[in-house]
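# Chain and residue survey
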Amino acid sequence: MNARAVGGYRLAGTLHTGCCGVSHHLATSPSGRTVVVRHYGRPAERRPDLARLARLREAAPVGAVAVLDAGPDHVVTEYVEGGSLLARLTPAAAAGGPGESGGGAARTRPDPAADGPGDADSDAGSGAVEGAALRRLAIGTVTAVAAAHRAGLAPVGIRPSRVLLGPDGPRLLCAVPEVHDVLSGGHDTSPIDLEPGDLFAPERTRGGELGPATDVWAWAATVAYAAAGRDPFGGDGFGGRLARMAEGAASLAALPQGPLRELLADCLAVDPEVRPTAEQALLRLIEETVLVVPRPVPGPVPGPVPQSAGASAVEAAGAGRKRRRGVVAAAGVVIALVAGGVSAGVTLAVGEPGAGAARVAQQARPGGTWTPRAVAPADGPPAEGAEVPLPGGLGVAYEHPGDRVRLTSVRVGESRRYTRDPRTGRFGDAGPHTVVAEASPDGRYTASFNTLYAAAGDHLAVWFADHLTGERFSVPVLRPPYQSVGLSWSRRGDRLLLSVQRFEKVGEENQPFSAGYVIIDVAARSARFVPTGDGAEVRQAALATGGKVNPLSFYAEYRWMPDGRSVISRYLTAEWGQGVRVRDAESGRVTRMMHWVGHVVGAADMFSPSGGRFVTSGCAKRFAACVWTAAGGARVATVPTRKGAGMVGWYDEEHLIQVVPGDGDRSEVVVTDFAGEVVRVLAELRTPGEPLVDVRYTRG
């Protein structure tokens, strides 16, 4: 550029040159102040959007680089002494200057991304930000993002090259609103020109709508970049980086377990609608989460879906969307928020074709009262119990009147499934090994279904045995291609949850992917399907990684939460690890994620009797289970387990039930304390060939 002045600002040196004649210069204002001028050499092709710039100037977001002036061919911002975050993390970038207008030394390297700096190699970076400095960086940058969003400005384009490390703290250089009219040969029109330091949220790679949630994702990725000192998506080349960004799969290994790591994982969610807002993220950072008070989310009004004879038992009736709102109060200031989340619920007609299903739902219910078995309080498990031979020669159970639980269902390998009548204590044959059966928590009902229903009929039906009335009835649930292999009772025993899957081809193999879950109302004898996107997330990751992500390892087994209003399941985290995700049962809306705890374990209730603790697996580098607080996900204990052991569930608040391999062809069902010590043997089972053991215990 040959001009010595632009818009009355005397140019002193070139900082950066981009495409379409756009360049950045150190300059001196008429008053003598050092500023940065962004000059548009070909405004017919690319120029500032003066109307949106005026909004940015008026908003003056806290923590952002101030816009001082603008004209048809230039934008003037304040000069921030100091380099960018990218320059700190990447020596190659530091040697060449900041690459963005706002601060640092001169740089002349052209940048085909037009307003991004680029750098030589993010993996060569050093100078990770740690401890209190990382916290200040996170708070300072998310404050600027939140302030911009309150002014209605989004996305602001946060990334490491736009975070300037000034003497008074980090400053965000917001993306300059622009108008692009005519594209010449000098304008790169490729859809994505990805360089180290650039960030592309999942919705951008998929052509989705960009907005405030995009900034939240990019903010989290920028903080993760700072914590690691290198690209958190790097290591696999261009295609690998793009695929990992599409899945929100940033490496958070540099961050210790704690609130910041949890927050970043939540912000990196693939679905923009489940990410926290910038203001919510800010409050979580300053440990003011108790002040975030979400208002009730109105759900869709479900309506009946007519079915004709032969119609599929799984048909979507539609989905409702409602904007989520929240109120945030901090330091005596009340700020109204409009969050970007969406709640969605799908009501599905689930019933047999024709009028038969309607007649079943209208049958009169016999009356009566069911009283669960009462157990006197005890300090711990009884030392021993009386022998109870198990059917089919499966082994022997040891039971004591003071036991907190009773064995109610058992299967070993390909043996028959046996269930127990709570009135007599005798076991009965419930069917082949493909049958899943479990008693309700109060013991009144036993629910069962055959996982291979397609071999015997055209739909899956769950059968209920009512031990109060002696009645047996069924509720039709699924048709092919949908299947189920697991069920979960609510603690009140009034609703049943079935995990739903379907097989899809990945590479040369058919793999099971979670489709959602079915809620059965036992009293109404009705069923309702709630779809989720869990299977789609895993499938995309499996395809993106060429099979490195095994769908079987991330199957979402849905379970009831103790409140009976939420469900919990495992999910694929941003680090391609396993965490748990909580959803509102009725709508399927994600309400909470804990990426650090490992995955759902066992076939029984994973929560302790009080509901205050839960147990997971895959949470340690050794054979172990982990106990966490339900309220905050704080680790209570790491319980050592044996190789080949399987978690069953809880005995009482301080003890777990496990199946452990024994000597020879035998296994034991044992009660262990949190130190992993066996305090009681509940059963000895014959297990030649190490078959799958499925035992279900009912409390009381």
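In what follows, the structure referred to is the one given above.
Notes on the structure in this doc start here. (Residues numbered from 1 in each chain as written. Predicted model: local features only at pLDDT ≥ 70, side-chain atom pairs only at ≥ 80, totals over all residues. Heavy atoms only, no water.)

## A few points about the overall build of the protein chain
- Helix and strand counts for the protein chain come out as 11 helices and 42 strands.
- Considering the protein chain as a whole, with its 700 residues, one finds that 52% of them fall into the buried category.
- For the protein chain, the exposed area adds up to about 29,400 Å²; of that, 52% sits on carbon and sulfur atoms. (Helix = DSSP H or I, 4+ residues; strand = E, 2+ residues; numbered from the N terminus. Buried < 20%, exposed > 50% of the residue type's maximum accessible area, 1.4 Å probe, protein only. Areas by Shrake-Rupley, 256 points an atom, 1.4 Å probe, with all protein chains shown as cover.)

## Comments concerning the packing of aromatic side chains
- Inspection of every chain in the model, using the stated rule, returns 9 aromatic pairs.
- Ring centres of Phe464 and Trp489 lie 6.1 Å apart, and the angle between their planes is 80°; on these two criteria the pair is classed as edge-to-face. Placement of Phe464 in strand S24 (residues 460-466) and of Trp489 in strand S26 (residues 487-489) is noted, with a sequence separation of 25 residues between them.
- The class for Phe464 is buried, based on a relative accessible area of 0%.
- With centroids separated by 6.2 Å and ring planes inclined at 85°, the aromatic side chains of Trp650 and Phe674 adopt a geometry described as edge-to-face. Taken as a pair, Trp650 in strand S38 (residues 646-652) and Phe674 in the loop between strand S40 (666-672) and strand S41 (678-686) lie far apart in primary sequence, 24 residues in all.
- A relative accessible area of 3% means that Trp650 is categorised as buried.
- Pairwise contacts between aromatic rings join Tyr445, Phe464, Phe473 and Trp489 into one cluster.
- Above the ring of Tyr482, the side-chain terminus of Arg502 is found at 5.4 Å from the ring centroid.
- Directly above the aromatic system of Phe473 lies the positively charged group of Arg525, at a separation of 3.7 Å from the ring centroid. (Phe/Tyr/Trp six-rings, centres within 6.5 Å; stacked < 30°, edge-to-face > 60°. Lys NZ or Arg CZ within 6 Å of the ring centre and 35° of its normal.)

## Some points on the environment of Phe464
- As for Phe464 and Ala439, which are separated by 25 residues in sequence, their C-alpha atoms are 9.5 Å apart.
- Setting aside residues no more than four positions away along its own chain, Phe464 makes contact with Thr446, Ala447, Glu471, Arg472, Phe473, Val475, Trp489, Leu496, Ile520 and Val522. (Contact = heavy atoms within 4.5 Å.)

## Looking at the pairing of strand S18 (residues 395-399)
- Of all the 5 residues making up S18, 5 are buried; the element is thus mostly covered by neighbouring parts of the structure.
- The alternating pattern of S18 places Gly395, Ala397 and Glu399 and Val396 and Tyr398 on opposite faces, both of which are buried.
- Connecting strand S17 (residues 386-389) to the next strand, S18, in antiparallel fashion are 5 residues, including Gly392 with a positive phi near 70°.
- Pairing between S18 and S41: 3 bridges, direction antiparallel. Bridge pairing links Gly395 to Leu685 in S41. (Pairing = 2+ DSSP bridges.)

## Concerning the side chain of Glu399
- By the secondary structure assignment, Glu399 is in strand S18.
- Glu399 gets classed as buried once you look at its relative accessible area, which sits at 13%.
- Side chain to side chain, Glu399 and Arg420 meet in a polar contact 2.6 Å long. (Polar contact = N/O pair within 3.5 Å; in protein donor to acceptor, adjacent residues only side chain to side chain.)

## Brief notes about the pairing of strand S20 (residues 417-420)
- Of the two faces of S20, the one carrying Arg417 and Thr419 and the one carrying Tyr418 and Arg420 are both buried.
- As judged from the 2 bridges shared by strand S19 (residues 405-412) and S20, these two strands associate in the antiparallel manner. By the bridge assignment for S20, Val410 is matched with Tyr418.
- Where S19 folds back on S20, the antiparallel hairpin that results is connected by 4 residues, among which Gly413 adopts a positive phi of roughly 60°.
- Following S20, the chain reverses through 6 residues before pairing antiparallel with strand S21 (residues 427-431); Gly425 in that reversal takes a positive phi of roughly 80°.

## Some words on the packing of helix H4 (residues 131-150) against helix H9 (residues 278-285)
- Interaxial distance between H4 and H9 falls to 8 Å at its minimum, and their mutual angle equals 150°. Overall, the two elements H4 and H9 adopt an arrangement that is roughly antiparallel. Relative to H9, the crossing made by H4 is left-handed. Residues Arg135, Ala138, Ile139, Val142, Thr143, Val145, Ala146, His149 and Arg150 of H4 pack against Ala278, Glu279, Ala281, Leu282 and Leu285 of H9. (Axes fitted to C-alpha atoms, helices over the stretch in contact; angles between N-to-C directions. Parallel < 35°, antiparallel > 145°, perpendicular 65-115°, else oblique. Left-handed = near helix turned anticlockwise from the far one by under 90°.)

By themselves, these figures tell us nothing about what the structure is for.
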